[in-house]
Structures are given as structure tokens and as C-alpha cells.
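Analysis of the macromolecular model
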Amino acid sequence: MRAHAMFDTRTKARSLAFLYGAAALICVLTVLLPNVASVEERSVLVLAALSLALALVFLRFAAQVSDGLVHLALAGVTVILSLVIHYTHNATLYALIYTWPALYAFYFFSTPAAIGHLAIIGAAYAIVLRIDDTMDATIRLVLVLGTPLVVGLLISRLLGVMRATLERSARQEQALRSSERRTRLIVDSARDGFISADAQGRVLDINAAAERLLGRSRADVLGRPFQELGIPPAAQAKFIQRRRDLLKAAREGGTRHLELRVTIERPDGTQLRGETMIWVVERDGEPMFNARLTDIGDRLAQEQRRERLVRAEAARAEAERAALTIGRLQAVADTALTQRNLDQLGPQILARTRDVLDAEAAALLLLQDDGSLSLISSDPVLAASRPVVVAADAGIAGRVLATRRPVLLNDPSASDLADPSILDAGISSMLGVPLIAHDQVIGVIEVGVRAPRRLGPEDVDLLRLTADRVALAIEHVRAYGREHHIAETLQRSLLPQTLPALPGVALAGRYLPAASEAEVGGDWYDAIGLTGGRVLLVMGDVSGKGLAAASTVGALRSAIRAYALEGHGPAQIAERLNTFVLAEPAREHMATLVLVVFDPVDAEFSYVNAGHPPPLMLSAEGRPQFLAGARSVPLGVLPFPNYVQETVTLEAGGAVVLYTDGLVERRAENIDLGLGRLSATAADGPLDAEALCDRLLLAALPSGATSDDVALLTLCHVPLGSRLALDLPSEPSALRSLRALLRRWLAQAEASNGDMHAIVMACSEACTNAIEHAGAAPDETIAFEAILRDGEVDVVVRDRGRWREGRPPSDQGRGLELIDALMDDVQLESASDGTTLRLRRRLTERVGA
Amino acid sequence: MNIDGATLTSTQHGDHVIVSVTGELDVFNAGRVVELVEAAVPTHAHGAVLDLSGVGFLDSTAIRKLFALTSRLGERRQLVRVVTPGGSIVLRTLELVEFGRAAPMHGTLEEALAQIG
């Protein structure tokens, strides 16, 4: 950079104004100071006035002046100075004033331009010296050439040095600036924020990271006091104080830095948790602050995590100590889960209570209905001679009962105790607390320890906690007992009290509840007599246990009976049951079952199997065969399961076994083994319904105790015997079934065709009449009974109706005429509650019979 | 056609109609069965053969309905011949009420058709 370029034209014009001013001053001084007479004072004053006027013009119009005009004006200065020298006639002295324009030229102009002006000065001086011919030519030449040369060279040299210095400093400044830029880049790319502030804390500069950390732009923060950049108002005063302290300490040669934790609230509402290090630096002798701001949110979170871990560790150690006690307490509560009756529960509760309190003795007393306390269980120590029933006002237990509060006795006297003999056992400290369930005192639990130990308040707390669990355990066992009892009662009530006695069919059923500790299950069976001597058999298993399962069994049982009375077959009943079960999703029970309708007349055995173990059929010779057909899904699992029944013929003398899985399933045993055992056992003995049941149960459950409940139903297709009795409903198929049954019965009695025809006809007529008498009630049944006695058949047909008026007498007459014609004896008894017809016919003797 | 335990089929044989009934006829189905037998015999037919070979039982109601059938068809000058195998329970029953007075009885269908000629 060149020095003259550093000056603009305006500066040059102003300097020129001063130059003219100086020329005017010289002129005035020349006139005023004592001088030689040769001075032409008027001319000098005119020059002075001209110079001053030019000075004022340049000062006023400095902005409008061009470079060319500056050069012209400088030449003008040289001219005026030459005229001054001319009019003072003192060329030697005034030659010095030529240094002014020369100086100006070298200062403001480039060197060639300055030399040009030097030439002008030299020429002007030469003219002046020529006019004032007062010295010899040699001196004049030296002055003309020498003065501008010496002055110019000196000044030129001086200015050259100055300019070089200026250029160097410009270069240095440039280097500094680029260095600053590099530093700034480094600082800006730093993760930490850097802030510099003056001694009053006003921000001078911040880097990009600080902008990010503070959430403010650089422009926003420059010049503002640091504390206003997010430090919460409450903390600002303290921050300012600490900054002042730091400044003071730094001045006094003490510490020069400060580390602080700060919370910065950003304008967007978020918070910065930071750490800042502030240090004092000197710049140009003035102290200022530099600060580094670091985001320590992550680090703080980590520290907090670590702290929490440490605390958790400590808590765990504490918890483990507590867990040991709680575990022992829990053991008290758990006894209820393994024991089902109080006699077994008592000793276990006491053993675990002693564990909890580390006591030598313990006793459990329960309040009875009559208000007395009954000793359920105790240690030998506490039971030495203790009565089994304790009066409710005696001893520690009595006091606990009366106050419902713990009673602690140290060194009890004999009068304090219901049983003073425990003093002999060395028990010196006793504690009793009430057992409270549902806000009622149900009993007392006591512990005792031997000297020198004394039971204290913490033992009271611990025994109270224990007592809570003991009370729960007792309640649990009692509730279980109640429920088990109810469920078992309910379930037994759902099993048929008696099985229907039907001609041609012998039935036997068994139900074994699971062993006493387990819950009552959902197994059941049922047998319902249908029209025409048919029988419906049900063998089912509802999933689940207890009261809920038992009540589902009740619902299913009722539904099956209702559907059966409507005359539906097994598959139709199963379909309806499935809909019934699905319609009550709240029960959430699934049921498997086998439904059978057996018609002893044609020996047809129709069955459907909804996910149940297959029925076992035995031929008359005892050949076993599982009925694997007609299988479908359990009830309540599919909306449209499509139950299809299958019909097989059960030969006379054959049998069928229905059962639940409890009979064939054993733990850790393949069910095929159980099924094999079942068929082998069934085949191995007489085909009698009762005997079959006993045999199967004995083989399947040798010990008599079952882990699952078992239901078993056997049906034998038996000879009809000498008595045939059944109830006939008033429906079309009934008479047909009766006739078929009668034919079979008579065939068995070896009646002749004539006898058979006569009796069947007569009975059919009698029952037709009875059905018509029975009146409007469709659910009325006709009681039919036929007895074979001494070669004679006696038939009784009984209805509950009256002889109807509506039927033409001739029809009745024809029926009765027929009966009369067919039977040996006919008696009609009509009463208000019904009509009874008695028929008798002697069977024809058969030759050889 | 099944009517509560009885079935009924009818075939044309020249000017006659053969109606065969199987099953049992009692108070519950006799009325309907006999109505259907009557309906199976068109008015232009010369007569009918009622084959009861497959019937196992007739009660008094059925007998009464059969008597009524023969008299109604008789009013239309149509003769009903009844087929019942010898020794059958139905024959015994019909003999008991002397059904032969109302309609000719035959042991076999061939015998009845031979009589029609």
C-alpha cells in the first residue's frame, strides 16, 4: 500500500488550505517584524490577502476539489512564495520557505509527482535569484540547485522510511486479522462455548458453540452483561458478586480463575445445565474476562444415575435383610396353600411363627362359637398341662381377647397365667396378639422365650405381622372347607339319586370325588328315561374346578333334560347344548360329553361324542370294543361343530361303559395304557352293571384315592324279567315302542303267536283309551305294568283322566269289545283321579314247555 | 311316504290301483293313512287292491277307518280287495272283526289280481 493513497483528496485540499494560511502568515510577519527598508510592504500585504482568501476557499470547498486542482494549487503556493521572496528582496533567507511545498509534495504525492514539483520550485527560485541580482553567480547557482535538492532528498528519504513503517504495520495488521479468523474458526468449531467480556461483564465476543448453548445469536448478546444471558434472576446478584470477587483477587495477585455450575434459561424455554470456567486476562492493561461454557447435562444425568445405583445398592442390602424376615412371614401365609384342614395347619403355623420370632414356644388358640378359646395347637412347652378349652377371660389369651390388643408379659407370675406350669419350663417372657380376620377377632397366637431374652416392641410388631398372615391362612382354609363342602354337595346333588328302572336296561353309576385336598371337579353323569322304554345317558366333564364348574354342570344337566323331553336325539341335543354353552361366555367353561339314546326294543344304541373318551362296548361274550365313531369337538369351542350321531346295535346281554378321563388317566402314563386296562378289566368278569362298575373302579384306582374325580356309568342290555313297567307319554311313537317292548317281553316268556297278538292288541287298545282319557294335559303319562305270574299275564293301565264325553260310545265300545274278546278278564275302575283298566290272559300251554 | 311309522305306495294296474301299506297302523296314524289310500284311488278306477302284507299291527281305530274306506269306495262302485298273508297278525285281527264281510280278502297280491282278471 502506498502512503499517498492513504490520503483522500479532501485531506489534501485541507492541508493545502493550511499551506496557504501559512503563506499568508509569513507575509503578515514580514511586514510587521522589523525589516530592511527594501521590503515592498503593499505588495506583500496583497499576497497575504490572496493567500488567506485561497486558504479559506480550500477549507470551505475541500470536498469538491480534484487531484489536478491540488497539483495546480501547490504550484500556486510556490509562485506566491517566490513573489514574497521577490518583494522582500531577501532571496537567501526566504529560500527556506520552499521546503513547505516540497514537504507537501513528498508527503501527499507519489515520488515522480513530488520531483515534478521540486523542478517547479527550483525554476521559480532561479527566476527570483535572477531578478534580485544581489549575489555572485556561483552562490546563486549552488542555492538554486542545492536548496531544493538537499531539502527534497532529505524529506524524500524521511518520508520513505515513514511509508515503509506504515506498510509493515499494515502487513502485520493483515496477518493478525487472518490469524484471528483462524482462531475464530477453531473457537467456533469447539464444542464448548467461549465468551469474552470486559471488566464490567459486558460481552465482547462469543463463539458458535456459545450461541448454541445460550440459545441466542451473537448479535443478540454483544455488549450485554453476561448475567442477563439466561442466568435466572435469583442467581444474578450472586453471579455478579463472584465475578467482582474474582476481579479483585486477580488484581491483588490472587487466583485468576473461577469455576461455576450455572443453569441457563434459554429464550425458547429450555434449560442448559452447564459448567463455566471464568478467567481474568489483561488486554492493553485492562482486565477482561474469558469464559468457557460446557454443557454438563449428560454428565449430570450420568452422575445421577450413578448416585441412584449406589442408593439402590444400599436399598437392596437393606431389602435383603428385610426379605429374610418377610420370607419367614410369607412361609406362614403359604401354609394355607398346602394344608386343607386346621388340624394339619396348626402345627405348621406354629413352627413357622417360632422361626419368625426365634421363639422357644408358641401356641394357637381359636375362638369358638360359644365364646370360649380352643387350643388348636401348641408346643409341648406351652401345653404341659394346658386345658384344651380356655375360658375366654383367663391368662394372656383372655386378656388379648378382651382388649383386642397385644399383651406382653415379662417375668409373669403364676396368677397372670392360665397355665402356671410354663414357668417351670423356663419361659420368662410371653407375648400374645389377636388374630383378626374381617375385623373380627378369631383367635390368639402366643409366643414365649426363655431367660435371659426379653420380648420387646419390635417382637410385638413382628408377631402382629405374623398374626395377620396366620389369620389369613386360617380364613383361607376355612373358606376352602366351606367351598369344597358346598361344591361337593352341589355336585352330588347334580348326580341322579336313583337311576331309572327301565325294562331291558340295567344301569349302574359311580362318582368318586378327587382326594380331599384337591378341588371338586366338573365330572357328572345322568340317565333319563325317555318314551317307549328308551333311555338317555349322559357322561360329561366340565373344565375347571370348584363351585363354578359344579354350577355349569347344573346348567348343562337341566338343559339336557329339557332338550331330551322335547324328543331330540343325541346329535340334536349336542348341537343345542353347544349353542347353550356359547350363549354364556361368562362361564368360560368347555365341556366334553357323550350322549347316548338306547332303545332296548330294537337294541339300537345311538350316540354322539363331543371330545370325550370313547364309550366301551362289550358283546354278550364280553368282547370289548371302543366306539370310536361320532366324534366331534367339545361343547363351547366352535359355533357350528356339526355333531353327527352314530347308531350301533347292542346285542342282548351286551354292555356299554361310559366314563370320564379320571378313570383312565394316570400321571406320567400314556392314556392308551389306561384305555387298555379299562377294556381288559371290563371283559374280565360278569356283565352286570353294578359288578362292572366295582370291577373297573378297583382296577383303575387300586388305592381308592383319586387325583382327579371319576364318573362311571354302565349299561347292560338285560333280559326283561317277569315284570314290565314303564310310563307312556301321549305321543305317537309311544304305543309303537310299547308294542315292540311287549312283543320282546312275551317272546322271552315264550308266549305263542296267538297269545302275543292278543295281548299286544289288547294292551295297545287299552293304552289308546287311556291316552284319550288322560285329557288335555300333554305331559300326562300313562302308567303301564305287565306281570307274568304262573303262566298268566296281568296288565294294569292307569291314567289320571276321566272318561271323555266327546268320543262316540261306539268307538270306545269297539275298543273295549276287542279287549274283551282278546283277554280272559277285563276290569275297569273309574275314579275321580283317573281310570284303571286291569286285563288278564292265561298263556297257552306249550307242548314240551 | 312316511306317516308316523307307516309307509304308503300306489301303482296302476290296468283299471285298478294297487296301494301297498307297511308299518303299523294305530290311533295316531290310521286316519291319515286311510285318507291317503282313498286319495290314491281316482274316481275313474274300477277298483283298488289294498296290500297289507307289510303291516305288523292294526288297532281298533285303524279297523274302523278301513271299514269306512270300503263303504265310501263302495258308494263310488269301486271294490276294495285286501291282501293279508295267511296266519299274519293283521289277518287275525281282521278275522276277529269279520272284515271279510266288508271286503274280499286274499292271501297274496297275485291271487287278488287274478280275481280282477
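Residues numbered from 1 in each chain as written. Chains lettered and ligands numbered in written order. Predicted model: local features only at pLDDT ≥ 70, side-chain atom pairs only at ≥ 80, totals over all residues.

Considerations on the overall build of chain A
Along chain A, the regular secondary structure elements total 22 helices and 27 strands. Put simply, chain A has 849 residues, and 37% of those count as buried. Within chain A, contacts between residues separated by at least 24 positions form 65% of all contacts whose residues are at least 6 apart in sequence. (Helix = DSSP H or I, 4+ residues; strand = E, 2+ residues; numbered from the N terminus. Buried ≥ 20, exposed ≤ 12 C-beta atoms within 10 Å, placed from the backbone. Contact = placed C-beta atoms within 7 Å.)

Focus: the overall build of chain B
When helices and strands are counted, chain B shows 4 helices and 6 strands. What you see in chain B, going N to C, is helices and strands ordered as β-β-β-α-β-α-β-α-β-α. Looking at chain B as a whole, 44% of its 117 residues are labelled buried. Intrachain contacts of chain B at a sequence separation of at least 6 include 71% that bridge at least 24 residues.

A short note on the packing of helix 1 (residues 9-32) of chain A against helix 2 (residues 41-60) of chain A
All names here are of chain A. Orientation of helix 1 relative to helix 2, taken along the N-to-C sense of each, is 160 degrees, at an axis distance of 8 Å. Comparing their axes, helix 2 and helix 1 come out roughly antiparallel. Crossing of helix 1 over helix 2 shows left-handed handedness. Here Ala13, Arg14, Leu16, Ala17, Tyr20, Gly21, Ala23, Ala24, Cys27, Val28, Thr30 and Val31 of helix 1 lie close against helix 2, whose contacting residues are Glu41, Val44, Leu45, Leu47, Ala48, Ser51, Leu52, Leu54, Ala55, Phe58 and Leu59. Considered class by class, the residues forming the contact of helix 1 with helix 2 number 18 nonpolar, 3 polar and 2 charged. (Axes fitted to C-alpha atoms, helices over the stretch in contact; angles between N-to-C directions. Parallel < 35°, antiparallel > 145°, perpendicular 65-115°, else oblique. Left-handed = near helix turned anticlockwise from the far one by under 90°. Nonpolar A, V, L, I, M, F, W, Y, C, P; charged D, E, K, R; others polar.)

A short note on the interface of chain B and chain A
With 16 residues of chain B at the contact, the number on the chain A side is 14 residues. Element by element, the count of residues in the side of chain B that touches chain A is highest for helix 3 (residues 89-96) of chain B, at 4 residues. Tallied by class, the residues present in the side of chain B that touches chain A amount to 5 nonpolar, 5 polar and 6 charged.

Concerning the nonpolar core
Residues and elements named next belong to chain A. Counting residues in each nonpolar core, the largest one holds 141 residues, and the members touching the most others are Leu537, Met539, Ala762, Ala766 and Cys767. With 10 residues, helix 21 (residues 753-773) is the largest single contributor of residues to this core. No fewer than three residues from each of domain 4 (495-717) and domain 5 (723-842) sit in this core. Dropping the residues within four chain positions of it, Cys767 is found in contact with Leu728, Leu735, Leu738, Ile782, Phe784 and Val797. (Core = buried A, V, L, I, M, F, W, Y, C linked by C-beta atoms within 7 Å. Domains from an automatic or database assignment.)

Quick look at the sheet that holds strand 27 (residues 834-842) of chain A
Residue and element names in this part refer to chain A. Taking strand neighbours across the sheet as the criterion, the 5 strands line up as 23-24-25-27-26 in an open arrangement whose pairing is antiparallel. The outermost strands of the open sheet, each flanked by one partner alone, are strand 23 (723-729) and strand 26 (825-831). The mean angle between the axes of side-by-side strands here comes to 10 degrees, regardless of whether they run parallel or antiparallel. For strand 26 and strand 27, the ladder comprises 7 bridges, and the chain directions are antiparallel. Bridge pairing in strand 27 places Glu829 opposite Thr836. (Pairing = 2+ DSSP bridges.)

With respect to the environment of Leu678 of chain A
Residues and elements named next belong to chain A. One can find Leu678 in helix 18 (residues 671-683). Here Leu678 falls in the buried class, since 22 other C-beta atoms lie within 10 Å of it. Measuring from C-alpha to C-alpha, the distance between Leu678 and Leu696 comes to 6.7 Å, with 18 residues separating the pair along the chain. Here Leu678 is in contact with Leu616, Leu663, Val664, Leu696 and Ala700, once residues within four sequence places are set aside.

Section: the pairing of strand 25 (residues 792-799) of chain A
Residue and element names in this part refer to chain A. Only one face of strand 25 is covered, namely the one carrying Val793, Val795, Val797 and Asp799; the face carrying Glu792, Asp794, Val796 and Arg798 has none of its residues buried. Pairing analysis gives 7 bridges linking strand 24 (residues 781-789) to strand 25, with the strands arranged antiparallel. Considered in strand 25, the bridge of Phe784 is made with Val797. The hairpin formed by strand 24 and strand 25 contains 2 residues between the paired strands, and Asp790 there has a positive phi angle of roughly 55 degrees.

As for the confidence of the model for chain B
Residue and element names in this part refer to chain B. For chain B, per-residue confidence averages 89 on the pLDDT scale, and residues scoring 70 or more make up 98% of the total. Per-residue pLDDT, averaged within each element of chain B, yields its smallest value for strand 1 (residues 2-3) (74) and its largest for strand 6 (residues 105-106) (94). Complex prediction metrics read pTM 0.45 and ipTM 0.86. (pLDDT = per-residue confidence, 0-100.)

Considering the pairing of strand 21 (residues 655-659) of chain A
Residue and element names in this part refer to chain A. Within strand 21, 5 of the 5 residues are buried, which leaves it mostly tucked inside the rest of the structure. On strand 21, burial covers both faces: Ala655, Val657 and Tyr659 on one face and Val656 and Leu658 on the other are all buried. Relative to strand 21, strand 17 (residues 616-618) is paired through 3 bridges, and the arrangement is antiparallel. Bridging from a neighbouring strand, Leu618 pairs with Ala655 of strand 21. By the bridge criterion, 5 bridges tie strand 21 to strand 22 (residues 710-717) in an arrangement that is antiparallel.

Examining helix 13 (residues 395-403) of chain A
Of all the residues in helix 13 of chain A, the buried ones are Gly395, Ile396, Ala397, Val400 and Leu401 of chain A. Following helix 13 of chain A by one or two positions, Arg404 of chain A adopts a phi angle in the positive range, close to 60 degrees.

What to know about unusual backbone geometry
Note: most peptide bonds trans; most residues except glycine with negative phi. All names here are of chain A. Positive phi values are uncommon outside glycine, yet His438 reaches one of about 50 degrees. Notably, Ala630 is not glycine yet its phi reads approximately 55 degrees, a positive angle. Relative to the helices and strands, Ala630 resides in the loop between strand 18 (624-626) and strand 19 (631-632).

What about the sheet that holds strand 3 (residues 257-265) of chain A?
Residue and element names in this part refer to chain A. The 5 strands lie next to each other as 2-1-5-4-3, forming an open sheet whose pairing is antiparallel. Edge strands, defined here as strands with exactly one partner in the open sheet, are strand 2 (203-206) and strand 3. The mean angle between the axes of side-by-side strands here comes to 25 degrees, regardless of whether they run parallel or antiparallel. Across the face of the sheet, helix 10 (residues 233-251) comes into contact with strand 3, strand 4 (271-283) and strand 5 (286-295) while running at roughly 30 degrees to strand 4.

Examining the packing of helix 1 of chain A against helix 3 (residues 67-88) of chain A
All names here are of chain A. Remark: helix 1 packs on helix 3, axes separated minimally by 10 Å, with the N-to-C direction vectors making an angle of 10 degrees. When the axis of helix 1 is compared with that of helix 3, the two are roughly parallel. For the pair helix 1 and helix 3, contact is made by Thr9, Lys12, Ala13, Leu16, Leu19, Tyr20, Ala23, Ile26, Cys27 and Thr30 and by Asp67, Val70, Ala73, Leu74, Val77, Ile80, Leu81, Val84 and Thr88, respectively. A per-class count over the contact of helix 1 with helix 3 returns 14 nonpolar, 3 polar and 2 charged.

Some thoughts on the confidence of the model for chain A
It should be kept in mind that the predicted coordinates are not to be read in detail where pLDDT is low. On average, residues of chain A carry a pLDDT of 80, and 84% of them reach 70 or more. Low pLDDT, under 50, characterises residues 805-810 of chain A; the stretch is placed with 2 contacts to residues that sit more than four places away or in other chains.

Some remarks on helix 1 of chain A
Its 24 residues give helix 1 of chain A an end-to-end C-alpha distance of 35 Å, which sits within 8% of 34 Å, the value for a rise of 1.5 Å per residue. Among the residues making up helix 1 of chain A, those that are buried are Lys12, Ala13, Leu16, Ala17, Leu19, Tyr20, Ala23, Ala24, Ile26, Cys27 and Thr30 of chain A. (Expected span 1.5 Å × (residues − 1).)

Overview of the environment of Val538 of chain A
Residues and elements named next belong to chain A. Within the fold, Val538 resides in strand 14 (residues 535-542). Taking the C-beta count within 10 Å as the criterion, Val538 has 25 such neighbours and is therefore assigned buried. Between the alpha carbons of Val538 and Leu595 there is a distance of 4.9 Å; along the sequence they are 57 residues apart. Leave out the neighbours within four places in its chain, and Val538 touches Tyr525, Asp526, Ile560, Leu593 and Leu595.

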